Amino acid sequence: GICREGLIPPLIVASGTVFGEVLVWGAVDDGKTLSKSIKLWCENSNSSTVSQTRVRPAHRLVGHSGSVFGVKLCPNDASFIASTSDDRSVRIWRLRPTNGTALDTERKLLLSAKDVIDRQHSHEYTLFWTGWGH
């Protein structure tokens, strides 16, 4: 499990909100901070003394007009995220450089979770495609 000794693989977590947003967090284990935090959380998970730390999302995707019920990262390319909402839409979000230049995927390079996390300050997810239901 995740509570074993050693490094935790790069991790991207995305969730939907009742406010129509998709929030995306990323973490890369440097062997110090994340591993120790997870280990302490595992050791104290049954304790009422576990402190709650708030971490700002790396990306906030805004576009749905209803609660977001489902979020899925593309398993082969972490630069794509799909979301569904009670506004009856499915939206595909794509990681793009904030300066407007072409993204690495234009050159057929698939991005791993670590690649996306490493780009979180110079890239943002933008709406790529929207599909509507009945």
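Source: prediction; values computed, not measured.

So what exactly am I meant to see when it comes to the overall build of the protein chain here?
Across its full length, the protein chain carries two helices and seven strands. Out of the 134 residues belonging to the protein chain, those deemed buried represent 31%. A total of about 8,900 Å² of accessible surface is found on the protein chain, and carbon and sulfur atoms cover 54% of it.

Quick question: what am I supposed to make of the packing of aromatic side chains here?
A ring pair, where both rings are aromatic, is described by two values, the distance of the centres and the angle of the planes. Counted under the stated rule, the structure contains one aromatic pair. With 5.5 Å between their ring centres and 70° between their planes, F80 and F128 make a pair best called edge-to-face. With F80 in strand β5 (residues 80-85) and F128 in strand β7 (residues 123-132), the pair connects residues that are 48 residues apart, well separated along the chain.

It is not clear to me how the sheet that holds β5 should be interpreted in this structure. Could you clarify?
The antiparallel open sheet is built from four strands, whose spatial order is β4-β5-β6-β7. Looking at the sheet topology across the chains shown, the edges are occupied by β4 (68-73) and β7. Averaged over all pairs of adjacent strands, the angle between their axes in this sheet comes to 25°, without regard to strand direction. In this structure, β5 lies alongside strand β6 (residues 89-97), joined through five bridges in antiparallel fashion. Counterpart to F80 in the pairing with β6 is R94.

What should I look at first to understand the nonpolar core in this one?
The tendency in soluble globular proteins is for nonpolar side chains to be buried side by side. Of all hydrophobic cores here, the largest spans 13 residues; its most connected members are I12, V22, V24, L61, W93, V116 and Y125. Of all the elements in the fold, those that place two or more residues in this core are β2 (21-27), β6 and α2 (113-118). Other than its neighbours up to four places away in sequence, W93 contacts V22, L61, V62, G63, S79, F80, I81, S83, Y125, T126, L127 and F128.

Whenever I open this one, a nonpolar patch on the surface confuses me. Can you help?
A grouping of V90, F128 and W129 is seen on the molecular surface, where their side chains present a nonpolar patch of about 300 Å² in accessible area. Judged by its relative accessible area of 47%, F128 falls in the partly exposed class.

Hey, could you run me through unusual backbone geometry in this one?
Negative phi is the rule for most residues except glycine; trans is the rule for most peptide bonds. Despite not being glycine, R88 shows a phi value in the positive range, around 70°. The exposed category is assigned to R88, whose relative accessible area is 52%.

Quick question: what am I supposed to make of the side chain of D77 here?
Along the chain, D77 turns up in the loop between β4 and β5. It is R94 that comes nearest to the buried, bridge-free D77 among opposite-charge side chains, at 6.9 Å. Polar side-chain contacts of D77 include one of 2.7 Å to the side chain of S79.

What counts and what doesn't
Residues numbered from 1 in each chain as written. Predicted model: local features only at pLDDT ≥ 70, side-chain atom pairs only at ≥ 80, totals over all residues. Heavy atoms only, no water. Helix = DSSP H or I, 4+ residues; strand = E, 2+ residues; numbered from the N terminus. Buried < 20%, exposed > 50% of the residue type's maximum accessible area, 1.4 Å probe, protein only. Areas by Shrake-Rupley, 256 points an atom, 1.4 Å probe, with all protein chains shown as cover. Phe/Tyr/Trp six-rings, centres within 6.5 Å; stacked < 30°, edge-to-face > 60°. Pairing = 2+ DSSP bridges. Axes fitted to C-alpha atoms, helices over the stretch in contact; angles between N-to-C directions. Core = buried A, V, L, I, M, F, W, Y, C linked by side-chain atoms within 4.5 Å. Contact = heavy atoms within 4.5 Å. Patch = residues over 30% accessible without salt bridge, like charges linked within 9 Å, V, L, I, M, F, W, Y side chains within 5 Å. Salt bridge = Lys/Arg side-chain N within 4 Å of Asp/Glu carboxyl O. Lys, Arg positive; Asp, Glu negative; His and termini not counted. Polar contact = N/O pair within 3.5 Å; in protein donor to acceptor, adjacent residues only side chain to side chain.

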